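Breakdown of the fold
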Amino acid sequence: MVKPDGVQRGLIGDIMKRFEQKGFKLVALKFTQPTVELLQQHYADLSKKPFFSGLVKFMATSPVCCMVSAPSCVEISPYLWLAWYSSLHMCPRILV
C-alpha cells in the first residue's frame, strides 16, 4: 500500500518500479479513499498502541494506492518475499 504521503508526492510509479525490479509481477491495483471504519479494522492489531488514533487519522487524509503482486522469479529479496507470502495468509497490511 502506498500511503497518503507517497500518493501526494507522486511516488506510486517509483514504488511499483521497485517491486518490479525485485522480480514481482503487478497483478492488481486499486486507488481508493479508505474510511475511518475500514482503517480501524485494517489496523485492529495496533488498536492498543498509543499512536493508533494518529495513524488512522493520517491514513484517512487522502487516497491510498493498494497493490497486489506475485513473484515472477525465485531470486527476490527476503523482505519482499516475506511480505508477499504473508499477504497470501491475510496479513493485514504491507506498507511500502
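Residues numbered from 1 in each chain as written. Predicted model: local features only at pLDDT ≥ 70, side-chain atom pairs only at ≥ 80, totals over all residues. Heavy atoms only, no water.

**Some points on the overall build of the protein chain**
Stated formally: Here a strand is any run of E in DSSP of at least two residues, a helix any run of H or I of at least four, and the numbering for each starts at the N terminus. Only protein chains enter the accessibility calculation, which uses a 1.4 Å probe. A residue is then buried if its area is under 20% of the maximum for its type, exposed if over 50%, and partly exposed in between. Here a residue-residue contact requires only that any non-hydrogen atoms of the pair lie within 4.5 Å.
Scanning the protein chain from terminus to terminus reveals five helices and two strands. For the protein chain, the sequential pattern of α-helices and β-strands runs α-α-β-α-α-β-α. The buried share of the protein chain, reckoned over its 96 residues, is 29%. Relative to all contacts within the protein chain whose residues are 6 or more apart in sequence, the contacts with residues 24 or more apart total 80%.

**Brief notes about the packing of aromatic side chains**
For any pair of aromatic rings, the description rests on two quantities: the centre-to-centre distance and the angle between the ring planes. To be explicit about the condition: Here a pair means two rings of Phe, Tyr or Trp (six-membered ring of Trp) with centres within 6.5 Å. Their orientation is stacked below 30 degrees between planes, edge-to-face above 60, and tilted elsewhere.
Overall, the coordinates contain one aromatic pair when judged by the stated rule. Pairing Phe19 with Phe24 gives two aromatic rings, centres 5.8 Å apart and planes at 85 degrees, and the pair type is edge-to-face.

**As for the environment of Leu26**
As for its position among the elements, Leu26 is in strand β1 (residues 24-32). Counting along the chain gives 10 residues from Leu26 to Met16, while the straight-line C-alpha distance between them is 7.8 Å. Filtering out sequence-adjacent residues up to four positions away, Leu26 remains in contact with Met16, Glu20, Met67, Val68 and Ser69.

**Comments concerning the nonpolar core**
We count it as follows: As used here, the term nonpolar core means buried Ala, Val, Leu, Ile, Met, Phe, Trp, Tyr and Cys residues forming a set that is joined through side-chain atoms within 4.5 Å.
Within the largest apolar cluster, nine residues are counted, these being Met1, Leu39, Tyr43, Leu46, Phe52, Leu55, Val56, Met59 and Val64. Per element, the largest residue contribution to this core is four residues, and it comes from helix α4 (residues 52-59). In terms of nonpolar packing, the next biggest core, distinct from the first, is built from eight residues, Ile15, Met16, Phe19 and Cys65 among them.

**With respect to the side chain of Ser62**
Counted only if it meets this: Here a polar contact is recorded for every N or O atom pair within 3.5 Å, except that within protein the pair must consist of a potential hydrogen donor and a potential acceptor, and residues adjacent in sequence are included only if both atoms are side-chain atoms.
Of note, Ser62 is situated in the loop between α4 and β2 (64-71). Among the polar contacts made by the side chain of Ser62, one reaches the side chain of Gln8 at a distance of 3.1 Å. Residues in contact with Ser62, not counting those within four places in the same chain, are Pro4, Gln8, Gln33 and Pro34.

**Here we look at the confidence of the model for the protein chain**
Where we set the bar: The pLDDT value expresses, per residue, how confident the predictor is, ranging between 0 and 100.
Residue-level pLDDT values for the protein chain average 80, and 73% of them are 70 or greater. Across residues 88-92 the pLDDT falls below 50, and counting only partners more than four positions away or on other chains, this stretch makes three contacts in the model.

**Quick word on helix α2 (residues 12-21)**
Stated precisely, the cut-off is as follows: In this context, the arc is that of the directions from the helix axis out to the C-beta atoms.
Here α2 has its buried residues at Ile12, Ile15, Met16 and Phe19. Viewed along the axis of α2, the buried residues span an arc of 100 degrees, placing them on a single side of the element. Across α2 from its buried face, at more than 90 degrees, point the exposed residues Arg18 and Gln21. Count one or two residues on from α2 and you reach Gly23, which has phi positive near 100 degrees.

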